[in-house]
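In case you want the letters, here they are:
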Amino acid sequence: MSEEKSGPSLMDRLLGRKAPEDQAVATGTDKPGTAEPATDQSGADVSETGRSGTEKPRSWLQRLRAGLSRSSSALGQNLTALIRKRKLDDETLQDLEDILIQADLGVETAVRITERLAKERYDKEIDDVELRTVLAQEIEAVLEPVAKPLAIDPAKSPHVILVVGVNGAGKTTTIGKLAAQFRREGRSVVLGAGDTFRAAAIEQLKIWGERTGATVVAREQGSDASALAFEALQQARAAQADVVMIDTAGRLQNRTELMAELEKIVRVIRKQDETAPHDVLLVLDATTGQNAMNQTEIFRQVCGVTGLAMTKLDGTARGGILVAIAAKHGLPVHVIGVGEGVDDLHPFTASEFARAIVGEAIDGDATEGGDAGREP
Ligand SMILES: Nc1nc2c(ncn2[C@@H]2O[C@H](COP(=O)(O)OP(=O)(O)OP(=O)(O)O)[C@@H](O)[C@H]2O)c(=O)[nH]1
């Protein structure tokens, strides 16, 4: 957990301050272990001003693009190698299809894109910009229907969000970032430390609670997760909180145990509110590629996932899998994570993601401070 390396300190990373060479390469290993609150009493996020004055901040879109271009199967790079004013003949189309499949976009989307190009441009010359534009349009068409914000229903008191995913996917961090967002919106938030499997996860959630001004309901390691969930909801109801988010342990390797535990958590939550959980958010690590598809399938069966968060898109991300998951499952994609900092969670927008994944320039991408596409 405490991998020592030169570069920004843990505190710097917690506050979103990164050394220039490290900005888009978050280590993905440190937990927010000893952070002091990065919020004021109202829970408002003060981390944006926490960057060092001399450093040039990168926008979240720049981080996203940097992450998506870093993996060896990065779509953008392979496209550049493929198209050098080549004719769109059978061989080029086949190569293109292979590249799209290799980038995890899914066979269905890859075939549709190459068919469209074959129909419109067969045996004509195509340049890089034209090709990327067509690809971005097709990818956006797949993603647009699933790009939906995580909407809190004010009629629910509280709105219950169960957060699931495999080990290390970024559940606790995403809960912390969402808590910060909800607090900024003026909502009261309760966090249930339902990952009772790992002591560090409980501590991590408590720190996010301090940082964001959210109330944390926790028990000691090894406690029953469903009892914890029950208690968290009970306290949230008593306090008339707006939102309660319940963390869970990730144990995909033992599916039976996972299924039993998650099912029990849902059952116990429903004893207090039969309409809950109102959202079951599956957190997927973008760097795991195809594995994210399997996780989506299994978690859907286990606990009725209602929406997705994809994290670590600033890393060696293989974000193409999100396109394949969208095409296959049609589940809403609510938010994406582009770093470990409290402000590194963003609403998912189809056009920006599509253009970033094909390596196309994005209007306003040069925006410093990363405000493009942000929630107000
Ligand atoms: N670079 C980067 N790192 C992230 C992102 N989201 C989470 N992380 C890091 O990923 C690591 C794992 O995150 P956690 O939130 O602890 O994951 P978890 O799913 O709760 O893990 P378990 O409790 O083991 O199931 C931490 O070091 C996070 O800081 C992201 O968007 N980008």
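Computed from a predicted model, the values in this text were never measured in an experiment.

**Remarks on the domain arrangement of the chain**
So, step 1. The domain boundaries assigned to the chain delineate domain 1 (72–146) and domain 2 (159–357).
So, step 2. Put simply, the middle of domain 1 and the middle of domain 2, counted by C-alpha atoms, are 34 Å apart.
So, step 3. Between domain 1 and domain 2, the contact holds 16 residues from the first and 20 residues from the second.
So, step 4. Looking at the side of domain 1 that touches domain 2, the elements that each hand over two or more residues are helix 5 (107–121) and helix 6 (128–143).
So, step 5. Sorting elements by how many residues they give to the side of domain 1 that touches domain 2 places helix 6 first, with 5 residues.
So, step 6. Classifying every residue of the side of domain 1 that touches domain 2 gives 9 nonpolar, 3 polar and 4 charged.

**Details of the nonpolar core**
So, step 1. Residues Ala179, Leu191, Val244 and Met245 are the most contacted members of the largest nonpolar core, which totals 104 residues.
So, step 2. Looking at this core element by element, the count peaks at 7 residues for helix 9 (residues 225–238).
So, step 3. Two domains each donate at least three residues to this core, and these are domain 1 (72–146) and domain 2 (159–357).

**Observations concerning unusual backbone geometry**
So, step 1. Along the chain, serine 157 connects to proline 158 via a cis peptide bond; the corresponding omega equals 5°.
So, step 2. Here proline 158 shows up in the loop between helix 6 and strand 1 (159–164).
So, step 3. Residue proline 277 is bonded to the preceding alanine 276 through a cis peptide linkage, with omega at -5°.
So, step 4. By the secondary structure assignment, proline 277 is in the loop between helix 10 (255–272) and strand 5 (279–285).
So, step 5. Despite not being glycine, glutamine 240 has its phi angle at roughly 50°, a positive value.

**Let's talk about helix 8 (residues 199–212)**
So, step 1. Taking 1.5 Å per residue as the helical rise, helix 8 with its 14 residues ought to reach 20 Å, and the 20 Å between its terminal C-alpha atoms agrees with that figure.
So, step 2. What helix 8 keeps buried is the set Ala201, Ile202, Gln204, Leu205, Ile207, Trp208, Gly209, Arg211 and Thr212.
So, step 3. In this structure, the buried side of helix 8 is in contact with helix 7 (171–184), strand 2 (189–192) and strand 3 (215–217).
So, step 4. Among the residues trailing helix 8, glycine 213 stands out with phi positive, at a value near 80°.

**Looking at the pairing of strand 6 (residues 307–311)**
So, step 1. Across the 5 residues of strand 6, 5 count as buried, placing the element largely inside the fold.
So, step 2. Of the two faces of strand 6, the one carrying Gly307, Ala309 and Thr311 and the one carrying Leu308 and Met310 are both buried.
So, step 3. You can see the chain leave strand 5, run along helix 11 (residues 291–303) and come back into strand 6, and the turn it takes is right-handed.
So, step 4. As defined by bridge partners, strand 6 adjoins strand 7 (residues 333–337) across 3 bridges and the pair is classed as parallel. Across the sheet, residue leucine 308 finds its bridge partner in strand 7, namely valine 333.
So, step 5. Handedness of the crossover is the feature at issue here: the chain leaves strand 6, passes through helix 12 (residues 320–329), returns alongside strand 7, and the resulting connection is right-handed.

**Considering the environment of isoleucine 139**
So, step 1. With respect to the element layout, isoleucine 139 can be found in helix 6.
So, step 2. As for isoleucine 139 and alanine 324, which are separated by 185 residues in sequence, their C-alpha atoms are 9.7 Å apart.
So, step 3. Ignoring sequence-local partners within four residues, the contact set of isoleucine 139 consists of Val323, Ala354, Ile357 and Val358.

**Things to note about the environment of valine 129**
So, step 1. Positionally, valine 129 belongs in helix 6.
So, step 2. Classification of valine 129 by C-beta neighbours within 10 Å gives exposed; the count is 11.
So, step 3. When the C-alpha positions of valine 129 and phenylalanine 182 are compared, they lie 39 Å apart, and in sequence the two are 53 residues distant.

**Notes on the packing of helix 6 against helix 13 (residues 350–357)**
So, step 1. Running from N to C, helix 6 and helix 13 cross one another at 140°; their axes reach a closest spacing of 8 Å. Put simply, helix 6 runs oblique to helix 13. The hand of the helix 6/helix 13 crossing is right-handed. Note on element contacts: helix 13 touches helix 6 through Ala350, Ser351, Phe353, Ala354, Arg355 and Ile357, opposite Ala136, Ile139, Glu140 and Leu143.
So, step 2. Among the residues making up the contact of helix 6 with helix 13, the classes are represented as 7 nonpolar, 1 polar and 2 charged.

**Let's talk about the environment of glutamate 360**
So, step 1. Inspection of the secondary structure assignment puts glutamate 360 in the segment after helix 13.
So, step 2. Assessed through the 19 C-beta atoms surrounding it within 10 Å, glutamate 360 is described here as partly exposed.
So, step 3. Aside from chain neighbours lying at most four places away, what touches glutamate 360 is Arg132, Ala136 and Arg355.

**Some details on the pairing of strand 7**
Two faces belong to every sheet, and in a regular strand the side chains alternate between them.
So, step 1. The element strand 7 is extensively covered by neighbouring structure, given that 5 of its 5 residues are classed as buried.
So, step 2. When strand 7 meets strand 8 (residues 345–347), the two strands line up antiparallel, connected through 3 bridges. Across the sheet, the residue bridging to valine 335 is proline 347, located in strand 8.

Analysis parameters
- Residues numbered from 1 in each chain as written.
- Predicted model: local features only at pLDDT ≥ 70, side-chain atom pairs only at ≥ 80, totals over all residues.
- Domains from an automatic or database assignment.
- Contact = placed C-beta atoms within 7 Å.
- Helix = DSSP H or I, 4+ residues; strand = E, 2+ residues; numbered from the N terminus.
- Nonpolar A, V, L, I, M, F, W, Y, C, P; charged D, E, K, R; others polar.
- Core = buried A, V, L, I, M, F, W, Y, C linked by C-beta atoms within 7 Å.
- Buried ≥ 20, exposed ≤ 12 C-beta atoms within 10 Å, placed from the backbone.
- Expected span 1.5 Å × (residues − 1).
- Right-handed = clockwise from strand over helix to strand, strands pointing away.
- Pairing = 2+ DSSP bridges.
- Axes fitted to C-alpha atoms, helices over the stretch in contact; angles between N-to-C directions.
- Parallel < 35°, antiparallel > 145°, perpendicular 65-115°, else oblique.
- Left-handed = near helix turned anticlockwise from the far one by under 90°.

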